[in-house]
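In case you want the letters, here they are:
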Amino acid sequence: MTVWEAVAVCAAGIGAGGINAIVGSGTLITFPVLLAVGLPPVTANVSNSLGLVPGSISGAIGYRRELRGQGRRVIRLGTVALLGGLGGAILLLTLPSKAFDTIVPVLIALALVLVVLQPRLAAAVRRRRERQNNSAHPHGGLPLQGGILLASAYGGYFGAAQGVIYLALMGLLIPDDLQRINAVKNVLGAVVNGTAAVFFLFVADFDWTAVLLIAVGSAVGGQLGARVGRKLAPGVLRGVIVAVGIVAIVQLLLR
């Protein structure tokens with residue numbers, strides 16, 4: 001890797017760390033850059049997962065204020081995310097990529113629809129609960145846990161727009177502020193990336209130079225992204241999520 005290639009990889013790490021903290025989908029920045037510097041696709045994917053772990057942790061730390069009072073929620077959903085992330089990492093090394101990639105754009109598109117309609121859908125769900133005298137489950141219940149499991153499996157496998165899916169699911173099923181939900185999303189991303197990274201360390205090929213460059217960049221980007229993201233109004237944040245998701249779909253279809 002040349003000096004300029006190293007600079008490009010580190011810069012991509014900064015961008016990915018920032019995007020992951022705000023929305024998720026940083027992989028869409030780092031993965032193409034790793035391919036451009038000559039890494040094989042699977043090696044690039046594995047190196048990317050390892051390198052983004054510090055960025056995910058950095059973003060979660062940046063949102064620590066919004067995480068207060070959500071310990072039980074984080075533990076429940078984090079456990080599910082861990083299992084899903086491990087399953088996705090195993091799938092990456094055992095299944096042909098085309099089988100999984102075919103449905104990825106569809107999943108992201110459905111997630112974007114949920115993000116756009118989330119305020120109306122959440123209001124409708126709330127009115128239904130009020131008519132039936134049912135209170136909302138503070139942690140989303142089994143429907144959310146099932147969705148988080150599948151989204152985390154996808155995250156362990158590839159991870160583009162994983163955060164968009166998390167935000168769509170939690171925004172619909174958890175009666176809470178979008179910024180607090182975004183904080184939980186960052187923790188779940190850290191859990192999935194960390195789980196996949198530990199698995200890959202023992203069974204997959206990766207490039208240590210790429211891993212270290214992305215790790216440094218994403219750690220810086222995670223802090224920057226957290227500062228920007230928490231200042232965004234819910235409507236603006238929702239617009240950013242949709243924009244990033246559309247870019248994800250286009251890039252995946254053209255890949």
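Calculation criteria
- Residues numbered from 1 in each chain as written.
- Predicted model: local features only at pLDDT ≥ 70, side-chain atom pairs only at ≥ 80, totals over all residues.
- Heavy atoms only, no water.
- Helix = DSSP H or I, 4+ residues; strand = E, 2+ residues; numbered from the N terminus.
- Expected span 1.5 Å × (residues − 1).
- Buried < 20%, exposed > 50% of the residue type's maximum accessible area, 1.4 Å probe, protein only.
- Contact = heavy atoms within 4.5 Å.
- Phe/Tyr/Trp six-rings, centres within 6.5 Å; stacked < 30°, edge-to-face > 60°.
- Core = buried A, V, L, I, M, F, W, Y, C linked by side-chain atoms within 4.5 Å.
- Salt bridge = Lys/Arg side-chain N within 4 Å of Asp/Glu carboxyl O.
- Axes fitted to C-alpha atoms, helices over the stretch in contact; angles between N-to-C directions.
- Left-handed = near helix turned anticlockwise from the far one by under 90°.
- Nonpolar A, V, L, I, M, F, W, Y, C, P; charged D, E, K, R; others polar.
- Polar contact = N/O pair within 3.5 Å; in protein donor to acceptor, adjacent residues only side chain to side chain.

Let's shift gears to the environment of glycine 71. With respect to the element layout, glycine 71 can be found in helix α6 (residues 71–94). In sequence terms glycine 71 and valine 184 are 113 residues apart; their C-alpha atoms lie 9.5 Å from each other.

So, on to helix α1 (residues 3–22). Taking 1.5 Å per residue as the helical rise, α1 with its 20 residues ought to reach 28 Å, and the 29 Å between its terminal C-alpha atoms agrees with that figure. For α1, the complete set of buried residues consists of Ala6, Val9, Ala12, Gly13, Ala16, Gly17, Gly18, Asn20, Ala21 and Ile22. Glycine 24 lies just past α1 and shows a positive phi near 110 degrees.

So, about the environment of valine 74. Structurally, valine 74 can be placed in helix α6. Ignoring anything within four residues of it in the chain, the contact list for valine 74 reads Leu67, Thr79, Val184 and Val187.

Bringing the packing of aromatic side chains into the picture now. Going through the model one piece at a time under the given rule, you end up with 2 aromatic pairs. On the numbers, 5.0 Å between centres and 85 degrees between planes, the contact of phenylalanine 206 with tryptophan 208 is edge-to-face.

The subject of this paragraph is the nonpolar core. Leu77, Leu144, Ile148, Tyr166, Met170 and Leu188 are the most contacted members of the largest nonpolar core, which totals 49 residues. Among the elements that make up this core, the one with the highest residue count is helix α11 (residues 178–203) (9 residues). In contact with leucine 188, not counting residues within four places along its chain, are Leu77, Gly78, Ala81, Ile148, Tyr166 and Met170. Ile22, Ala161, Val164 and Ile249 belong to the second-largest nonpolar core, a separate cluster that totals 6 residues.

Turning our eyes to something else, we now look at the environment of valine 113. Tracing the sequence through the fold places valine 113 in helix α8 (residues 104–131). Valine 113 sits in the partly exposed class, given a relative accessible area of 45%. Expressed as a C-alpha distance, the spacing of valine 113 and valine 242, which sit 129 residues apart in the sequence, is 8.6 Å.

This part is about the pattern of salt bridges. The tally for this structure, following the rule as stated, stands at 1 salt bridge. Across the pair arginine 65 and glutamate 66 runs a salt bridge, and its minimum N-O distance is 3.7 Å. For glutamate 66, a relative accessible area of 11% corresponds to the buried category.

Let's shift gears to the packing of α6 against helix α9 (residues 141–157). For the pair α6 and α9, the least separation of the axes is 6 Å and the interaxial angle reads 40 degrees. By crossing handedness, the relation of α6 to α9 is classed as right-handed. Together, Leu77, Val80, Ala81, Leu83, Gly84, Gly85, Gly88, Ala89, Leu91 and Leu92 of α6 and Leu144, Gln145, Ile148, Leu149, Ser152, Ala153, Gly156 and Tyr157 of α9 make up the contact between the two elements. In the contact of α6 with α9, the residues fall into 12 nonpolar, 6 polar and no charged.

Our focus in this paragraph is the packing of α1 against helix α12 (residues 208–229). Interaxial distance between α1 and α12 falls to 6 Å at its minimum, and their mutual angle equals 35 degrees. Note on packing geometry: the crossing formed by α1 with α12 is right-handed. Of the residues in α12, those touching α1 at Ala6, Val9, Cys10, Gly13, Ile14, Gly17, Gly18, Ala21 and Ile22 are Ala210, Leu213, Ile214, Gly217, Ser218, Gly221, Gly222, Leu224, Gly225, Ala226, Val228 and Gly229. Looking at the contact of α1 with α12 residue by residue, the class counts come to 12 nonpolar, 9 polar and no charged.

The next subject is the side chain of threonine 30. One can find threonine 30 in helix α2 (residues 27–36). Within the structure, threonine 30 has its side chain in polar contact with the side chain of asparagine 48 (distance 2.3 Å). Residues within four places of threonine 30 in sequence aside, it is in contact with Ala12, Gly13, Ala16, Asn48, Leu52 and Ile214.

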